[in-house]
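Single-letter residue listing:
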Amino acid sequence: MKAVPCRDRPSRHALPLVLPALLAIGCAVAMFDADTPTPSVYTLVPTLGTALLLAFATRATFTGRLLAHPLLVSIGLISYGAYLWHQPLFAFAHHVHLGTPPPSLMLALML
């Protein structure tokens, strides 16, 4: 019999913890707005939800299979690289303009 890697084994604890994780992330997306103070105790809601999701969304769960989809993995790889390049550029543009830069400049920096 072939040994199954630990992360691929279905856990009887996975599903009950993945659902609240998704709920916490969904509530933060739906309810947080520009008036929500950050960083604050409120930011623990999506942070803990994400931690639970990463810890318990294995390939044995629907959420784990969804997050492992090649299209979503590709988007994640591209978005993180784009963040690493663009965040310093955006921060510098805000610093130079002493406020919000014009949309045309932000679009140029994105390209």
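Residues numbered from 1 in each chain as written. Predicted model: local features only at pLDDT ≥ 70, side-chain atom pairs only at ≥ 80, totals over all residues. Heavy atoms only, no water.

Student: Help me out: how do you make sense of the packing of helix 4 (residues 70-97) against helix 5 (residues 103-110) in this one?
Tutor: Helix packing for two helices is described by the angle between their axes and how far apart those axes are. Axis separation between helix 4 and helix 5 bottoms out at 10 Å; the angle between their running directions is 155°. Overall, the two elements helix 4 and helix 5 adopt an arrangement that is roughly antiparallel. Here helix 4 runs over helix 5; the crossing is right-handed. Residues His86, Leu89, Phe90, Ala93, His94 and His97 of helix 4 pack against Leu105, Met106, Leu109 and Met110 of helix 5. (Axes fitted to C-alpha atoms, helices over the stretch in contact; angles between N-to-C directions. Helix = DSSP H or I, 4+ residues; strand = E, 2+ residues; numbered from the N terminus. Parallel < 35°, antiparallel > 145°, perpendicular 65-115°, else oblique. Left-handed = near helix turned anticlockwise from the far one by under 90°. Contact = heavy atoms within 4.5 Å.)

Student: What am I meant to see in unusual backbone geometry here?
Tutor: As a rule of thumb, non-glycine residues mostly have phi less than zero, and peptide bonds are mostly trans rather than cis. Residue Pro39 is bonded to the preceding Thr38 through a cis peptide linkage, with omega at -10°. Here Pro39 shows up in the loop between helix 1 (14-31) and helix 2 (44-56). A positive phi is found at Leu98, a non-glycine position, where the angle reads about 50°. Mapped onto the elements of the fold, Leu98 is located in the loop between helix 4 and helix 5. Among the residues examined, Leu98 registers a relative accessible area of 78% and is labelled exposed. (Buried < 20%, exposed > 50% of the residue type's maximum accessible area, 1.4 Å probe, protein only.)

Student: It is not clear to me how the side chain of Thr36 should be interpreted in this structure. Could you clarify?
Tutor: Secondary-structure assignment places Thr36 in the loop between helix 1 and helix 2. Side-chain polar atoms of Thr36 contact the backbone nitrogen of Asp33, separated by 3.1 Å. (Polar contact = N/O pair within 3.5 Å; in protein donor to acceptor, adjacent residues only side chain to side chain.)

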